[in-house]
Amino acid sequence: MAEGCVPAALRVPDVVARKGDGVPLVMVTAYDAPSARAVDAAGVDMILVGDTVAMVVLGYDDTLHVTIDDMAHHTAAVARARPRALVIGDMPWMSYHVSREETVRNAAALVRAGASAVKLEGGRKRLDTIHAILDTEIPVMGHIGLTPQSIHAFGGFRVQGKTLDAAREIVDDAAALAEAGCFAIVLECVPDAVARMVTDAVQVPTIGIGAGRHCDGQVLVFHDLLGIEQRVTPKFVRRYASLQADAVDAVRRFADDVRAGRFPSSAETYHAADAVTDALGLHNTARVLA
Ligand code: KIV
């Protein structure tokens, strides 16, 4: 690419075209403009404004506490960063479960906030919902395996698809989602053999999280990857930084500097002109400190 040339924004068809091209897709979550700028500058393909915002930003123990207004608020913040990556808005619990009308209105709210596609959880039981959203020309990303919005039904955050029957259910769900028109499917916390079967069975990219390497792409949560959220570390998370520890260290050094009178320095201070301080009968602190 010529120097200074800005790469074109990624679109849904670009993502679909990447199936089987040998270069895995990269998706990372972001919830605000600075995190969106960071992941976009790093060159990710897709930014998911995930409902994990409930856990890693808002301090809840699960994802069930965010509303469509919360998700639109965070999606808009990400979109204001004008990322090149495809922005996908996550539909929160109860935003697509009540009626077709509410579902499409809620999907549209995420698009109006700046998403180019939406993601929702569930397999074959979501087909009508997916058709309704696709009917409004909004692309849909599926999400099966461990679907965190089903935490109470599952009895916790547990690996799914461990028995033969459960594995077959997941493959059948994936095939149905792809057939319905989902442009990609997130596979969360399933054995790698199941992810491989799904990836081979569908014509659209699979994006794994805790699903092993036989997927067309991988996704991690921004705060997990950077070590900002350290309350729980699932087995599948690889930490590339320890920003929470760095933040504690930096703030502690700031507090030490303030308490010891080392902050602010003269260079970090606005000074009045000598004539003004002299006329006021004040010592010019810049000169005193210099
Ligand atoms: O909400 C989210 O961050 C997600 C990812 C874990 C796939 O759904």
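Placed above this text is the structure.
Keep in mind it's a predicted model, so treat the numbers as computed, not measured.

Novice: In this structure, what is going on with the overall build of the chain? I would like to understand it.
Specialist: Looking only at helices and strands, the chain features 13 helices and eight strands. Expressed as lengths along the three principal axes of its C-alpha atoms, the size of the chain is roughly 85 × 45 × 35 Å. Summarising the internal contacts of the chain: among those between residues at least 6 apart in sequence, 57% fall at separations of at least 24. For the chain, the exposed area adds up to about 15,400 Å²; of that, 54% sits on carbon and sulfur atoms. Of the side-chain charges in the chain, 28 are positive and 36 negative, and the distance between the mean point of each set is 3 Å.

Novice: Where do I start with the environment of R126 in this structure?
Specialist: Within the secondary structure, R126 sits in the loop between β4 (117–119) and α6 (127–135). Look at R126 and you get buried, because its relative accessible area is 15%. The spacing of R126 and G142 is 16 residues in sequence and 9.3 Å in space, taken between C-alpha atoms. Excluding anything up to four places from it in sequence, R126 contacts Y96, H97, L120 and E121.

Novice: What exactly am I supposed to notice about the packing of helix α4 (residues 68–79) against helix α5 (residues 100–113) here?
Specialist: Where α4 contacts α5, the axes come no closer than 8 Å and their chain directions differ by 25°. Considering their axes alone, α4 and α5 lie roughly parallel with respect to each other. Seen along the crossing, α4 lies across α5 with a hand that is right-handed. Residues I68, M71, A72, T75, A76 and A79 of α4 lie in contact with α5, whose contacting residues are N106, A109, L110 and A113. Along the lines of polarity and charge, the residues of the contact of α4 with α5 split into eight nonpolar, two polar and no charged.

Novice: Please explain the state of the cysteines as it appears in this structure.
Specialist: Each disulfide is one covalent bond, formed between the sulfur atoms of two cysteines. According to the stated counting rule, one finds zero disulfides in the structure shown. Cysteine C182 shares no disulfide, and the gap to the nearest cysteine sulfur, in C215, comes to 16 Å. For C182, a relative accessible area of 2% gives the class buried. The cysteine C215 is free of any disulfide, with C189 supplying the nearest cysteine sulfur at 11 Å. On the accessibility criterion, C215 (10% relative accessible area) is buried.

Cut-offs and rules
Residues numbered from 1 in each chain as written. Predicted model: local features only at pLDDT ≥ 70, side-chain atom pairs only at ≥ 80, totals over all residues. Heavy atoms only, no water. Helix = DSSP H or I, 4+ residues; strand = E, 2+ residues; numbered from the N terminus. Contact = heavy atoms within 4.5 Å. Areas by Shrake-Rupley, 256 points an atom, 1.4 Å probe, with all protein chains shown as cover. Lys, Arg positive; Asp, Glu negative; His and termini not counted. Charge placed at Lys NZ, Arg CZ, Asp CG, Glu CD. Buried < 20%, exposed > 50% of the residue type's maximum accessible area, 1.4 Å probe, protein only. Axes fitted to C-alpha atoms, helices over the stretch in contact; angles between N-to-C directions. Parallel < 35°, antiparallel > 145°, perpendicular 65-115°, else oblique. Left-handed = near helix turned anticlockwise from the far one by under 90°. Nonpolar A, V, L, I, M, F, W, Y, C, P; charged D, E, K, R; others polar. Disulfide = S-S within 2.5 Å.

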